[in-house]
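Working through the structure, step by step
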Amino acid sequence: MLPYPLALRPPLVCRFALYTLLRHLHDYQEEAAAHSHAGAKAARTVGPLELLSRSGGGEAAGEPAAAGEHGGGPGGGGGGKGLARGMGQYIGRCEIVNAAGNLERVYFRMPDYCLLLTELSKRELLWDVDRETPGKRLQELFERSDELTREMVHQQRLARSPAWQLVMRHKPVADNLVLVLAVAQNCVIVLRHSWTPNESEHLDRLVLCENVANYTMGTLQLCACVLVFCIYTIDRAPLRVWRGFRQATGRGADEILSMPLSRWHASWFLILLYYAMADAQLALLACLSFASVLGLLVSPLWFSVHLLDIVNKSTDLQNVFKAVTLNGRSIAMTALFGATIIYLFAVVGYASAAEVFVLGNYPDEDVPMCTSLFSCFLNALNEGLRSGDIGSFMEPATEADVGGYAFRFAYQLSFWAIVITVLLNIIFGAMRRAGVAG
């Protein structure tokens, strides 16, 4: 296959058609060789794609490759090998059963923006999909196809902007700077509030150095947080807000944005605001930016909030939180059931022997802990769970009080067996299963 002269260069569509045909022949040749018993011993033949790479694939020496819509493009410079690599990533393949019941291989060209799906979206799709119900994974993939397509088109539009490309080149620096500055600032804070020089002159110098360090690093921290917040707001937040809006109303973004504002319902604005505020990542970045302002204007102690950025840097922590939140409903219902059981114990204690629930305060008078049903419930929830024994704030029974001793024995032992041993193990077991399932 000889290179095409520059004047006879086929258009990009014809190149894709030619490459798809060669790809099909190459796969057919490999499949035939794999099923042949003599395939391993037969002389090696040159495959169609290898022939394309050797010949140059129509690429003239020194000619620039055709640029794709998002800057990379399927032209792929570097001769035939570059063409094979460039076009290969845009050619998809699937196998279907045709009308005759035979397995048929279908090749198709993928749009350029299909390579722009972010790693975060891939990870979210991996975690959010139902992997327990057979056939549900493929169904949910098709249900989210419109949303994923919208994201990739959005990424393609952003990638065309030179300003956005400049900002994205500096995004890793800003991301890492937030946590690095947070660690450095908190080291300064710990040093300042843990050590006081004996001489006042040294103390003045220490305070001056602290103020300069806090102002310098705080200004950089504010710039980094605002930059990361703006990038997320433009890059990810609109897609997540419209996703929640579609789940709540059943209407897509295209349908809503095509309507005039006069036809919008008032509830739609509230729904959009709710999902914007419910985005945990957006809320965290907004809190970090606000904490930077407070750290510069109010107190440097506000810079301790930026240590929470470790969640954004650790994939393991993100997976843990994701596993818990995916099963948050079952965990919350189990915890609510536990609170109900403790409330029943508080009702029994308040109705039967409210006077025995006291907290020792020697040498002062004992503090009553069950003066009302509400206080009895709160103290049972607090003291009973923290100490693991509801009898920790109950007066011991005397030898003569046989009925009181029997009540305390049954009450305290049942609380330990039901709440501490069984119920807490159920809650923690649900959380462990959530982590394993994630």
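Residues numbered from 1 in each chain as written. Predicted model: local features only at pLDDT ≥ 70, side-chain atom pairs only at ≥ 80, totals over all residues. Heavy atoms only, no water.

**Remarks on the pattern of salt bridges**
Considering all chains together, one arrives at four salt bridges under this definition. A salt bridge links Glu-383 to Arg-386; the shortest N-O distance between them is 3.3 Å. Of this pair, Glu-383 and Arg-386 both sit in helix α16 (residues 373-387), three residues apart, roughly one helical turn. The exposure class assigned to Glu-383 is buried, which follows from its relative accessible area of 15%. Relative accessible area serves as the criterion here: at 60%, Arg-386 is assigned to the exposed category. (Salt bridge = Lys/Arg side-chain N within 4 Å of Asp/Glu carboxyl O. Helix = DSSP H or I, 4+ residues; strand = E, 2+ residues; numbered from the N terminus. Buried < 20%, exposed > 50% of the residue type's maximum accessible area, 1.4 Å probe, protein only.)

**Quick look at the state of the cysteines**
Tallied over the entire structure, the rule returns one disulfide. A disulfide bridge connects Cys-370 with Cys-376, and the sulfur atoms are separated by 2.3 Å. Looking along the S-S bond of the Cys-370-Cys-376 disulfide, the torsion reads about -95°, which is the left-handed sense. Cys-376 carries the same exposure label as Cys-370, and that label is buried. In this structure Cys-223 is not part of a disulfide, and its nearest cysteine sulfur, from Cys-225, lies 9.5 Å away. (Disulfide = S-S within 2.5 Å.)

**A closer look at the side chain of Asp-309**
As for its placement among the helices and strands, Asp-309 is situated in the loop between α12 (280-297) and α13 (310-313). Engagement of the side chain of Asp-309 in a polar contact is seen with the side chain of Asn-312, the distance being 2.9 Å. Side chain to side chain, Asp-309 and Lys-313 meet in a polar contact 2.2 Å long. Excluding residues that lie within four positions of it along the chain, Asp-309 makes contacts with Asp-175, Val-178, Leu-179 and Leu-288. (Polar contact = N/O pair within 3.5 Å; in protein donor to acceptor, adjacent residues only side chain to side chain. Contact = heavy atoms within 4.5 Å.)

**Quick look at a nonpolar patch on the surface**
Where nonpolar side chains cluster on the molecular surface, the patch consists of Val-293, Leu-297, Val-298 and Trp-302 and spans about 410 Å² of accessible area. In this fold, Val-298 is placed in the loop between α12 and α13. (Patch = residues over 30% accessible without salt bridge, like charges linked within 9 Å, V, L, I, M, F, W, Y side chains within 5 Å. Areas by Shrake-Rupley, 256 points an atom, 1.4 Å probe, with all protein chains shown as cover.)

**Here we look at a negative patch on the surface**
Together, Glu-355, Asp-364, Glu-365, Asp-366 and Glu-395 give the surface a local cluster of negative charge. Here Asp-366 shows up in the loop between β3 (358-359) and β4 (367-368). With relative accessibility at 42%, the residue Asp-366 sits in the partly exposed group. (Lys, Arg positive; Asp, Glu negative; His and termini not counted. Charge placed at Lys NZ, Arg CZ, Asp CG, Glu CD.)

**Here we look at the packing of aromatic side chains**
Per the counting criterion, the structure on display carries six aromatic pairs. Each ring, one from Phe-357 and one from Tyr-411, has its centre 5.9 Å from the other, and the planes form 75°; the classification is edge-to-face. Highlighted residues: Phe-357 in the loop between α15 (328-353) and β3 and Tyr-411 in helix α17 (residues 402-437), separated in sequence by 54 residues. Judged by relative accessible area, Phe-357 falls into the buried class, the value being 1%. By way of ring pairs, the aromatic residues Phe-345, Phe-357, Phe-393, Phe-407, Tyr-411 and Phe-415 are connected into one cluster. (Phe/Tyr/Trp six-rings, centres within 6.5 Å; stacked < 30°, edge-to-face > 60°.)

**Quick look at the nonpolar core**
Core analysis: the largest hydrophobic core is formed by 21 residues, its most contacted members being Ile-342, Phe-345, Phe-357, Ile-390, Tyr-411, Phe-415 and Val-419. Once residues lying within four places of it in the same chain are set aside, the contact partners of Phe-345 are Tyr-411, Ser-414, Phe-415, Ile-418 and Val-419. Ranked by size, the runner-up nonpolar core spans 11 residues in total, among them Ala-224, Ala-237, Leu-284 and Leu-285. (Core = buried A, V, L, I, M, F, W, Y, C linked by side-chain atoms within 4.5 Å.)

**A word on the pairing of strand β1 (residues 91-97)**
In terms of strand pairing, β1 meets strand β2 (residues 103-109) through seven bridges, oriented antiparallel. For Arg-93, the partnering residue across the bridge sits in β2 and is Tyr-107. Between the end of β1 and the start of β2, which pair antiparallel, lie five residues, with Gly-101 showing a positive phi angle near 85°. (Pairing = 2+ DSSP bridges.)

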